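# Residue-level structural notes
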Amino acid sequence: MTESFIFRTPRLGEHEPPLTPAERGIATHTLLQYIDYSRAADRDGILSEIARLRSMGQLSPRQAEAVEPEKVLRLFSSPTGIRIRNADRVSRELRFSLLSPAEEYFDGGEGESVLLQGVIDCCIEEDGELTVIDYKTDRVRGDAVYERAELYRSQLSAYASAMERMTGKPVRECVLYFLDCGKAIKL
């Protein structure tokens, strides 16, 4: 007796699963990295920036669909977004690698060094002082945002230390901006 097998032909490109939360976060961060701030003042401008980045290949079609323009507009309409748009200088997606004293990060590290690496989403300069801004796409609501912000405190402290060492300028403050709930938390 001969066995027969039936194989289904895969349907590529049909009914693609939605992007994961992490993939949506990457899409949003990509938009924030490349958006023309002068076009971020209204929904139409943000939509045209999404289309521009899609046409340039910075955002895939799926990523462009996943970005929520209302949340981006809420950012750029907020005091944090207005500061970004009006800053003396703005730097985005700053990658860094620095050797740092280990004791700054954990007990018992005296005399040792750690390699500190990261990517700072945004750093603005106002009147010679810096503000480090980190965008978060975490889905948090209400008072849970303050608890979540505490989880990122050491990350932003490390970013502030890196910026001061790289620029020689003081960091005035660090801000977490939660896009989902539109809340800025100063740390």
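Residues numbered from 1 in each chain as written. Predicted model: local features only at pLDDT ≥ 70, side-chain atom pairs only at ≥ 80, totals over all residues. Heavy atoms only, no water.

## A short note on the pairing of strand β5 (residues 183-186)
Pairing of strand β4 (residues 171-178) with β5 involves four bridges; the strand directions are antiparallel. The partner of V175 across the bridge, within β5, is K186. The loop that links β4 with its antiparallel partner β5 comprises four residues; one of these, G182, has a positive phi angle of about 70°. (Pairing = 2+ DSSP bridges. Helix = DSSP H or I, 4+ residues; strand = E, 2+ residues; numbered from the N terminus.)

## Looking at helix α7 (residues 153-167)
End to end, α7 covers 21 Å across 15 residues, agreeing with the expected 21 Å (1.5 Å per residue, within 8%). When we look at burial in α7, the residues that qualify are L156, A158, Y159, A160, A162 and M163. Where α7 is buried, its residues contact β1 (89-101), β2 (113-126), β3 (129-136) and β4. Backbone geometry just downstream of α7 places G168 in the positive-phi region, at approximately 75°. (Expected span 1.5 Å × (residues − 1). Buried < 20%, exposed > 50% of the residue type's maximum accessible area, 1.4 Å probe, protein only. Contact = heavy atoms within 4.5 Å.)

## Notes on the side chain of K136
Position of K136 among the secondary structure elements: in strand β3. In terms of polar contacts, K136 uses its side chain to reach the side chain of Q155, at 3.3 Å. What K136 contacts, discounting residues up to four positions off in sequence, is Y152, Q155, L176, Y177, F178, L179 and D180. (Polar contact = N/O pair within 3.5 Å; in protein donor to acceptor, adjacent residues only side chain to side chain.)

## Description of the nonpolar core
Judged by nonpolar contacts, the single largest core of 24 residues is most densely connected at I35, V72, F76, I84 and Y135. With near-sequence residues (within four places) excluded, I84 lies in contact with Y37, F76, V90, C122, I124, I133 and Y135. (Core = buried A, V, L, I, M, F, W, Y, C linked by side-chain atoms within 4.5 Å.)

## Things to note about the sheet that holds β1
Spatial strand order, β1-β2-β3-β4-β5: five strands in an open sheet with mixed pairing. Every interior strand has two partners, whereas the edge strands, β1 and β5, have only one. Across the sheet, the mean angle from the axis of one strand to that of its neighbour is 35°, orientation sign disregarded. In terms of strand pairing, β2 meets β3 through five bridges, oriented antiparallel. If you follow E125 over to β3, its bridge partner there is L130. Its contacts with the sheet put helix α6 (residues 144-151) on β4 and β5, and the angle it makes with β5 is roughly 50°. (Axes fitted to C-alpha atoms, helices over the stretch in contact; angles between N-to-C directions.)

## Details of the pattern of salt bridges
Applying the stated criterion across every chain yields a total of 16 salt bridges. In this structure, R172 engages E129 in a salt bridge whose closest nitrogen and oxygen atoms are separated by 2.9 Å. Of this pair, R172 sits in strand β4 while E129 sits in strand β3, and the two are 43 residues apart along the sequence. For R172, a relative accessible area of 37% puts it in the partly exposed group. Ionic pairing is found between D138 and R148, a salt bridge with its closest N-O pair at 2.9 Å. Residue D138 is found in the loop between β3 and α6, and its partner R148 is found in helix α6; the two are separated by ten residues along the sequence. Given the relative accessible area of 28%, R148 is considered partly exposed. Ionic contacts of the salt-bridge type, sharing partners, join the residues R83, E126, E129, R172, E173 and K186 into one network. (Salt bridge = Lys/Arg side-chain N within 4 Å of Asp/Glu carboxyl O.)

## Here we look at the layout of surface pockets
Size it by volume and the largest pocket reaches roughly 170 Å³. What lines the largest pocket is a set of 13 residues, and nearest its centre among them are T28, E68, K71, T137 and R139. Where the lining of the largest pocket is concerned, the elements lending two or more residues are α1 (21-34) and α4 (69-77). Top contributing element to the lining of the largest pocket by residue count: α1, with four residues. (1 Å grid on protein atoms, 1.4 Å probe; cavity = no way out; pocket = protein on both sides within 12 Å on 5 of 7 lines; lining within 4 Å. Points joined across faces, edges and corners; volume = space filled by probe spheres on them.)

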